[in-house]
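# Results of the structural survey
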Number of protein chains: 4
Amino acid sequence: MSDLNSVVAALREFAAARDWRQFHDPKNLAMALSSEVGELCALYRWVRTEDADAFSHDPKNRPRIEDELADVTIFLLLLADRTGIDLEEVALKKIAQNAARYPVEKSRGVSERPEPG
Amino acid sequence: MSDLNSVVAALREFAAARDWRQFHDPKNLAMALSSEVGELCALYRWVRTEDADAFSHDPKNRPRIEDELADVTIFLLLLADRTGIDLEEVALKKIAQNAARYPVEKSRGVSERPEPG
Amino acid sequence: MSDLNSVVAALREFAAARDWRQFHDPKNLAMALSSEVGELCALYRWVRTEDADAFSHDPKNRPRIEDELADVTIFLLLLADRTGIDLEEVALKKIAQNAARYPVEKSRGVSERPEPG
Amino acid sequence: MSDLNSVVAALREFAAARDWRQFHDPKNLAMALSSEVGELCALYRWVRTEDADAFSHDPKNRPRIEDELADVTIFLLLLADRTGIDLEEVALKKIAQNAARYPVEKSRGVSERPEPG
């Protein structure tokens with residue numbers, strides 16, 4: 001499922017073969033990530049909230065959504081690899097912090113700026 | 001490293017406990033992803049290209065970078081989980097497409113709009 | 001209303017006084033713009049489509065929305081000024097192109113990827 | 001230059017003729033803005049900091065940069081118009097706040113997280 005080590009390995013090989021690591025400094029990768037997330041936003045911008053799930057499962061739209069999620073994944077992994085950040089570790093740490101910040105009893109069903117998770 | 005299944009499991013539990021799945025439709029999650037990538041861009045915006053690696057490894061900046069990468073990871077996984085998209089599968093497929101699109105001999109060291117990877 | 005020449009003049013003076021033009025190259029400004037638009041997206045991410053107008057007019061939310069639109073305006077103007085691009089001219093040209101691309105009779109009420117305007 | 005009232009007028013007419021105001025709620029417009037800024041970031045992502053000005057003035061790149069700035073302008077104006085926010089007023093107010101926040105003597109030449117302006 002989300003065992004992304006195989007993707008990291010493929011990305012390293014891909015970039016090395018093309019001598020593209022010179023372009024993959026963290027600033028450039030953050031900017032590339034922003035551009036790919038922008039393409040994802042382009043897909044959903046005119047979709048109404050209540051239609052967003054159906055839109056995502058429509059075979060007409062699915063290839064483009066998969067394609068944009070692939071690009072976001074690629075640049076996130078390149079950035080994590082370049083900076084030496086372990087995404088599993090930092091994400092689990094953040095979820096634990098969020099659990100303390102948004103106690104279950106006070107947060108249930110309340111969207112008022114619940115940030116992540 | 002990047003075995004993110006444990007993160008997906010933690011996110012499901014976190015959101016279920018707070019009844020937050022109602023807010024996590026794909027449109028909202030794409031927008032949340034955009035806001036987190038924006039925070040990442042905020043960190044690097046005044047950093048010169050050639051300083052971006054050193055900046056990323058400076059202990060002063062590291063916690064914020066880790067925190068933003070965690071948030072991006074969280075929302076990407078929530079979106080993949082909600083839409084039922086397998087990130088490993090779509091990323092590997094995209095890398096294969098990119099390998100055909102950017103042949104090694106023509107792409108070596110050339111940054112002219114090399115899009116992903 | 002949207003006569004932004006006074007803003008451009010104020011921005012020039014502000015940046016010159018602080019010697020900040022050295023940071024305001026187009027790449028950095030594009031990245032800054034991305035981070036400010038991300039903050040705007042953060043405000044709206046959990047708001048349902050049909051609630052977005054009411055949310056925007058709620059006095060509780062208004063100062064933050066105004067603040068983010070101010071930041072987006074500031075960086076857009078800095079970028080236009082730095083690159084010497086006349087926003088009025090290029091926007092009017094683009095609207096004319098869009099008018100040809102999306103003929104009234106075929107586009108009325110159809111959101112199928114109507115891009116700008 | 002940046003007297004954008006003519007653009008606002010053209011946008012109102014364009015959207016009214018196509019009955020597109022129904023899609024232009026503030027959430028959707030914020031998302032559209034994010035996607036256009038993403039396209040702008042795509043142009044600059046592999047450009048080195050020190051090359052960004054020359055890149056911006058290269059006639060090969062200029063049409064695309066103008067096109068993206070046009071799109072960002074269009075969606076910013078649509079959003080300001082929809083929410084009734086006066087961009088000149090809020091931007092000038094923000095610059096005044098920034099002037100207090102970043103005193104000249106302490107901020108001169110220091111990029112350490114100078115946010116806007």
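This part takes up the overall build of chain A. Assigned secondary structure in chain A consists of 6 helices and 0 strands. Secondary structure elements in chain A, listed N-terminal to C-terminal, are α-α-α-α-α-α. Relative to the compact-globule value of 13 Å for 117 residues, chain A shows a C-alpha radius of gyration of 17 Å, a clear excess of over 25%. In terms of principal-axis extent, the alpha carbons of chain A reach across some 50 × 40 × 25 Å. When burial is assessed residue by residue, chain A has 54% of its 117 residues classed as buried. By sequence separation, contacts in chain A at least 24 residues apart represent 67% of the contacts at least 6 residues apart.

Here the focus is the interface of chain C and chain A. Between chain C and chain A, the contact holds 6 residues from the first and 6 residues from the second. Of the residues in the side of chain C that touches chain A, the class split is 2 nonpolar, 3 polar and 1 charged.

With that out of the way, let us pick up the relation of the copies chain C and chain A. Relating one copy of the chain to the other requires a rotation about an axis plus a shift along that axis. Between chain C and chain A, which share one sequence, the superposing operator has a rotation angle of 180° and an axial displacement of 0.0 Å; the RMSD is 0.0 Å. Expressed as an axis order, the relation between the two copies is that of a two-fold axis. Taking the C-alpha atom as reference, chain C places threonine 49 of chain C closest to the rotation axis, 2.8 Å from it. Both copies present the same face, since 100% of the interface residues in chain C are matched by interface residues at the equivalent positions in chain A.

The N-to-C vectors of helix H5 (residues 87-101) of chain A and helix H4 (residues 62-83) of chain B enclose an angle of 85°; their axes lie 8 Å apart at closest approach. In terms of their interaxial angle, H5 of chain A and H4 of chain B are classed as roughly perpendicular. Here H5 of chain A contributes Leu87, Val90, Ala91, Lys93 and Lys94 of chain A to the contact with H4 of chain B, which in turn contributes Glu66, Asp67, Leu69, Ala70, Asp71, Thr73 and Ile74 of chain B. Here the contact of H5 of chain A with H4 of chain B is composed, by residue class, of 6 nonpolar, 1 polar and 5 charged.

All names here are of chain A. At aspartate 19, a position not held by glycine, the phi torsion is positive, near 55°. Locating aspartate 19 in the fold gives a position in the loop between helix H1 (5-18) and helix H2 (26-44). The exposure class assigned to aspartate 19 is partly exposed, which follows from the 14 C-beta atoms found within 10 Å.

For the pair chain A and chain B, the best superposition has an RMSD of 0.0 Å and corresponds to a rotation of 180° with a translation of 0.0 Å parallel to the axis. Both copies present the same face, since 100% of the interface residues in chain A are matched by interface residues at the equivalent positions in chain B.

Further remarks concern the nonpolar core. The biggest cluster of nonpolar side chains holds 148 residues, and the ones touching the most others in it are Leu33 of chain A, Leu33 of chain B, Leu33 of chain C together with Leu33 of chain D. Beyond its immediate sequence surroundings of up to four residues, leucine 33 of chain B is in contact with Val37 and Leu40 of chain A together with Val72, Phe75, Leu76 and Leu79 of chain B.

Low pLDDT marks regions whose predicted coordinates should not be analysed in detail. Of all residues in chain A, 93% have pLDDT values of 70 or greater, and the mean over the chain is 93. The ipTM assigned to the predicted complex is 0.93, against a pTM of 0.94.

Attention now goes to the domain arrangement of chain A. Domain annotation of chain A identifies domain 1 (5-85) and domain 2 (87-117). Computed over C-alpha atoms, the centres of domain 1 of chain A and domain 2 of chain A are 24 Å apart.

Looking now at the interface of chain A and chain B. Facing the 70 residues of chain A at the interface are 70 residues of chain B. Those elements that provide at least two residues to the side of chain A that touches chain B are H1, H2, helix H3 (52-57), helix H4 (62-83), H5 and helix H6 (104-107) of chain A. In terms of residue count, the dominant contributor to the side of chain A that touches chain B is H4 of chain A (15 residues). For the side of chain A that touches chain B, the per-class residue count stands at 42 nonpolar, 14 polar and 14 charged.

At 3.6 residues per turn, the α-helix brings residues three or four places apart onto the same side. Spanning 15 residues, helix H5 (residues 87-101) of chain B covers 21 Å between terminal C-alpha atoms, matching the ideal 21 Å at 1.5 Å per step. For H5 of chain B, the set of buried residues is Leu87, Val90, Ala91, Leu92, Lys94 and Asn98 of chain B. Contacts from the buried residues of H5 of chain B go to H1 and H4 of chain A together with H4 of chain B.

With that settled, consider the environment of asparagine 61 of chain B. All names here are of chain B. Along the chain, asparagine 61 turns up in the loop between helix H3 (52-57) and H4. Taking C-alpha positions, asparagine 61 is 23 Å from alanine 32, a pair spaced 29 residues apart along the chain. Residue contacts for asparagine 61: discarding those within four places in its chain leaves Leu43, Phe55 and Ser56.

Another aspect to go through is the packing of H1 of chain A against H4 of chain A. All names here are of chain A. Where H1 meets H4, the closest approach of the two axes is 10 Å, and the angle between their N-to-C directions is 80°. In terms of axis orientation, H1 runs roughly perpendicular to H4. Here H1 contributes Val7, Val8 and Leu11 to the contact with H4, which in turn contributes Thr73, Ile74, Leu77, Leu78 and Asp81. Of the residues contributing to the contact of H1 with H4, the split by class is 6 nonpolar, 1 polar and 1 charged.

We now examine the environment of glutamate 39 of chain A. Counting through the fold element by element, glutamate 39 of chain A comes out in helix H2. Take glutamate 39 of chain A: there are 17 C-beta atoms within 10 Å of it, and that puts it in the partly exposed class. Taking the C-alpha atoms as reference points, glutamate 39 of chain A and arginine 12 of chain A, 27 residues apart in sequence, are found 24 Å from one another. Those residues in contact with glutamate 39 of chain A that sit more than four places away from it in its chain are Glu68 of chain A together with Ser35 and Gly38 of chain D.

Rules and cut-offs
Residues numbered from 1 in each chain as written. Chains lettered and ligands numbered in written order. Predicted model: local features only at pLDDT ≥ 70, side-chain atom pairs only at ≥ 80, totals over all residues. Helix = DSSP H or I, 4+ residues; strand = E, 2+ residues; numbered from the N terminus. Rg over C-alpha atoms; globule rule 2.2 N^0.38 Å. Buried ≥ 20, exposed ≤ 12 C-beta atoms within 10 Å, placed from the backbone. Contact = placed C-beta atoms within 7 Å. Nonpolar A, V, L, I, M, F, W, Y, C, P; charged D, E, K, R; others polar. Least-squares fit on C-alpha atoms with pLDDT ≥ 70 in both. Axes fitted to C-alpha atoms, helices over the stretch in contact; angles between N-to-C directions. Parallel < 35°, antiparallel > 145°, perpendicular 65-115°, else oblique. Core = buried A, V, L, I, M, F, W, Y, C linked by C-beta atoms within 7 Å. pLDDT = per-residue confidence, 0-100. Domains from an automatic or database assignment. Expected span 1.5 Å × (residues − 1).

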